[in-house]
Amino acid sequence: MKGVRVSHPLRFQLRINNILTILLMFAIVWIVNYFGYKYYYRKDFSKGGMYTLSSKTINVLKSLPEPVKIIVCLTNSKLQSDIDNLLKEYKYYGGNKIIIEHIDPALNLERAEALAKRLKFDLQENVIIFEYKNFHKFVNDNQLVEYDNSVAMFGQSPSIKSFKGEQQFTAAILSVVEGKPSKVYFLTGHGERNIDDYNQPGGYGIIATQIRKENMEPLNLNLLESGAIPEDAAVVVVAGPKNPFSSSEIQTISHYLDSKGKLIVLEGTNSNSGLEPLLSKYGIIFQNDKVVAIGRLVGGLGGEMLIDKAAGTHFADHPAVKPMIGYTLQLPDCRSIALSTDSSNPNVKKVTALVKTPEGFWGEVNWKEEERPKYDPGVDIPGPLILAAVYDGGEVPGKEGIHVFGTRIAAVGSSSFLANQNIKPDGVDFFINLLNWMLQKEMALGIAPKSVQEFGLSIPASQRQTVAMICLITIPFAFLVLGVGMYFSRRR
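To keep things clear, this report deals only with the structure shown in the data block. (Residues numbered from 1 in each chain as written. Predicted model: local features only at pLDDT ≥ 70, side-chain atom pairs only at ≥ 80, totals over all residues. Heavy atoms only, no water.)

### Overview of the overall build of the protein chain
Defined as follows: Going along the chain from the N terminus, every DSSP run of H or I of four or more residues is numbered as a helix, and every run of E of two or more is numbered as a strand. Burial classes follow relative accessibility: with a 1.4 Å probe on protein chains only, a residue under 20% of its type's maximum area counts as buried, one over 50% as exposed, and anything between as partly exposed. By the convention used here, residues are in contact when the closest approach between their heavy atoms is within 4.5 Å.
On a plain count of helices and strands, the protein chain comes out with twelve helices and 23 strands. When burial is assessed residue by residue, the protein chain has 41% of its 492 residues classed as buried. When contacts within the protein chain are restricted to residue pairs at least 6 apart in sequence, long-range pairs at least 24 apart make up 72% of them.

### Examining helix 4 (residues 109-119)
The condition is simple: Directions from the helix axis toward the C-beta atoms define the arc.
When helix 4 is considered as a whole, its buried residues turn out to be A112, L115, A116 and L119. Across the axial projection of helix 4, the buried residues extend over an arc of 100°, all falling on one side. When the buried face of helix 4 is taken as reference, the exposed residues oriented beyond 90 degrees from it are E110 and K117. The inward-facing, buried residues of helix 4 abut strand 1 (68-73), strand 3 (127-132) and strand 4 (135-140). One or two positions beyond helix 4, positive phi appears at K120, with a value near 60°.

### Things to note about the side chain of D392
Formally: Distance and chemistry together define a polar contact, namely a pair of N or O atoms within 3.5 Å, with one atom able to donate a hydrogen and the other to accept it when in protein, and with adjacent residues in sequence counting only for side-chain atoms on both sides.
Its place among the elements puts D392 in strand 21 (residues 386-392). On the accessibility criterion, D392 (4% relative accessible area) is buried. A distance of 3.3 Å separates polar atoms of two side chains, one belonging to D392 and the other to R408.

### Description of the sheet that holds strand 3
Selection rule: Here a strand pair is declared whenever DSSP counts at least two bridges between the two strands. Geometry is summarised by axes, namely lines fitted to C-alpha atoms with helices restricted to the contacting stretch, and by angles between N-to-C directions that run from 0 to 180 degrees.
In spatial order, the strands read 2-1-3-4; together these four strands make up an open sheet with mixed pairing. For this open sheet the edge positions go to strand 2 (98-102) and strand 4, each flanked by a neighbour on one side alone. Averaged over all adjacent pairs, the angle separating strand axes in this sheet is 20°, with direction ignored. In terms of strand pairing, strand 3 meets strand 4 through six bridges, oriented antiparallel. Each bridged residue has a counterpart across the sheet, and for I128 the counterpart in strand 4 is V139. Strands strand 1, strand 2, strand 3 and strand 4 of the sheet are contacted by helix 5 (residues 165-177), whose axis makes an angle of about 165° with strand 4.

### Observations concerning the environment of L115
Counting through the fold element by element, L115 comes out in helix 4. With relative accessibility at 0%, the residue L115 sits in the buried group. Sequence spacing of L115 and I103 is twelve residues, and the spatial spacing of their C-alpha atoms is 9.3 Å. Sequence-distant contacts of L115, defined by excluding residues within four places in its chain, comprise I71, I103, K120, F121 and I129.

### Some remarks on helix 10 (residues 425-438)
Stated formally: By this rule the span expected of a helix is its residue count minus one, scaled by 1.5 Å.
Under the 1.5 Å per step criterion, the end-to-end length of helix 10 is 20 Å for 14 residues, consistent within 8% with the ideal 20 Å. By the criterion of burial, helix 10 is predominantly enclosed, with eleven of the 14 residues buried. For helix 10, every residue scored as buried is listed here: G427, V428, F430, F431, I432, N433, L434, L435, N436, W437 and M438. Positive backbone phi, approximately 60°, marks Q440, located one or two places after helix 10.

### Topic: the packing of helix 6 (residues 205-213) against helix 10
Counted only if it meets this: An angle below 35 degrees is treated as roughly parallel, one above 145 as roughly antiparallel, one from 65 to 115 as roughly perpendicular, and anything else as oblique. Should the near helix be turned anticlockwise from the far one by less than a right angle, the crossing is left-handed, and should it be turned clockwise, the crossing is right-handed. Residue polarity follows a fixed list, in which Ala, Val, Leu, Ile, Met, Phe, Trp, Tyr, Cys and Pro are nonpolar, Asp, Glu, Lys and Arg are charged, and the others, Gly among them, are polar.
Put simply, helix 6 and helix 10 touch, their axes get as near as 11 Å, and they point 50° apart. Relative to helix 10, the element helix 6 is oriented oblique. Along this stretch, helix 6 crosses helix 10, giving a crossing that reads as right-handed. Between helix 6 and helix 10, the residues in contact are I207, Q210 and I211 and V428, F431, I432 and L435, respectively. Looking at the contact of helix 6 with helix 10 residue by residue, the class counts come to six nonpolar, one polar and no charged.

### Description of a nonpolar patch on the surface
Just so we agree on the cut-off: Two joining distances apply to patches: 9 Å for like charges and 5 Å for nonpolar side chains (Val, Leu, Ile, Met, Phe, Trp, Tyr), and every residue must have over 30% relative accessible area and no salt bridge. Working definition of accessibility: Shrake-Rupley area with a 1.4 Å probe, residue cover restricted to the visible protein chains. We define a salt bridge as a side-chain nitrogen of Lys or Arg found within 4 Å of a carboxyl oxygen belonging to Asp or Glu.
A surface patch of nonpolar side chains, about 610 Å² in accessible area, is lined by F477, L480, V481, V484, Y487 and F488. Inspection of the secondary structure assignment puts V481 in helix 12 (residues 461-491). Exposure remark for V481: the relative accessible area of 45% places this residue in the partly exposed category.

### Some thoughts on the nonpolar core
So the rule is basically this: In these notes, a set of buried Ala, Val, Leu, Ile, Met, Phe, Trp, Tyr and Cys residues joined through side-chain atoms within 4.5 Å is what counts as a nonpolar core.
In terms of nonpolar packing, the biggest core is built from 45 residues, with I264, L266, F430 and F431 touching the most fellow members. For this core, the leading source of residues is helix 10, giving eight residues. Ignoring any residue separated from it by four or fewer positions in sequence, one finds I264 in contact with V235, V236, V237, V238, A410, F431, L434, L435 and M438. Judged by nonpolar contacts, the second largest core, of 28 residues, contains L221, L257, I284 and I409.

### Quick look at the packing of aromatic side chains
The condition that has to hold: By convention, a stacked pair of Phe, Tyr or Trp rings (six-membered ring in the case of Trp) has centres within 6.5 Å and planes under 30 degrees apart, an edge-to-face pair has planes over 60 apart, and any other such pair is tilted. Sitting over a ring, as applied to charges here, requires NZ of Lys or CZ of Arg to be within 6 Å of the ring centre and within 35 degrees of the ring normal.
For the structure shown, the criterion picks out nine aromatic pairs. Ring geometry for F186 and Y204: centres 6.4 Å apart, planes at 85°, overall edge-to-face. Here F186, found in strand 7 (residues 182-187), pairs with Y204, found in the loop between strand 7 and helix 6; they are 18 residues apart in sequence, far enough to count as distant. Both residues of the pair, F186 and Y204, count as buried. Between Y282 and Y391, the aromatic rings sit 4.9 Å apart at their centres with planes inclined by 65°, giving edge-to-face as the arrangement. Separated by 109 residues along the polypeptide, Y282 in the loop between helix 9 (276-281) and strand 11 (284-286) and Y391 in strand 21 bring together distant segments of the chain. Considered together, Y282 and Y391 belong to a single accessibility category, that of buried residues. If you follow K213 out to its NZ or CZ, it ends over the ring of F138, 5.2 Å from the centre.

Here's what the structure looks like:
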């Protein structure tokens, strides 16, 4: 049987028709994609709106005067996916005012090393860097979550309680866009810790570097030379003075506090600031003791040993230390703090005990005389002891959650924990949190962290067997039967 021959004109028409059909198909696909790109509906389907930005953040992003560059340098972060998803929202609302760059040291070591050298950070850190003009601020991934450590006693890993990504990212953007960094003055002239000393064990060079990463500028200030605290002082820090301040200097500090100033006092057992009468006015009392405890050697074998490094394990439900709940803050060369009980002093209601020890610690009063300190009832101070306290002059007694801008004071019974030889991540986080609380950044934002909700799927054994039967036997067998039937159908 001869095949039907198609004339040349008809063959040409068929080819043209095929070409037009293909072009039309591409045109339809392009049009659909174009309208999908221009007009679409976005919805955050995560439970609790994990990545939904607040109106405050959206307003900040839409009002950026110039682009903010966000450099994501994560090596092994468990929050990689959450961070990327959240930054996509920042890019969406910020448009060309938000520039995001991902740098992986494993893929681009040269670029990563150049960045680490320029901004002075360790490539082993998981950080998100916010840059605006000549200002930059670091956000570590451990600052983005709050853990639930209640299961730690049962040997389980802590779970993520809340995600604070938006809170931290928006605060970082506001911090760098503000322009000049907040100035943190460290008082000098009395044997205080030196923020320019990076080599000596007792120096404060390392913590000074960490402060600069927060878009803050640590500076030295000698009150005898200046005669006053500069008006641009965001926070004043007294770090372990060995000699007391003069009466004129104390008067200067008192006037500063009366003007809603912010003061952090770090006094260890060998410190002597002379500020004790002034601090007692605000309900904070430094006690003349040394925080110690008795512990056993590893494994509980052998004799007892003296523990002269205070361990803060109990933290108040307060913005300055809330992220540290479940951790241990070690404070060497530490003295304890008491809160005033003078009912005639209205300031006592505005003081909070931030950090406390377990009951095993006590305040040794005769620590200079006793070679082997032991707890003497009626003489020494029993635990648990207060290691850090804060006064918030903006707190309105009896009106929970209501604050106004006012004087803020933080007192810590150690200055050694920030020294080059002793500094640890927990100590850095504690001090940086104190500075941020002093600057009242948590009040300026008011962005609540997002609660993380975990879900588990429990399937009975009978249902698992049914699913396995369907997937491994029923469906493959059905396709086999269909294939055999198709084969014989074509044979006919």
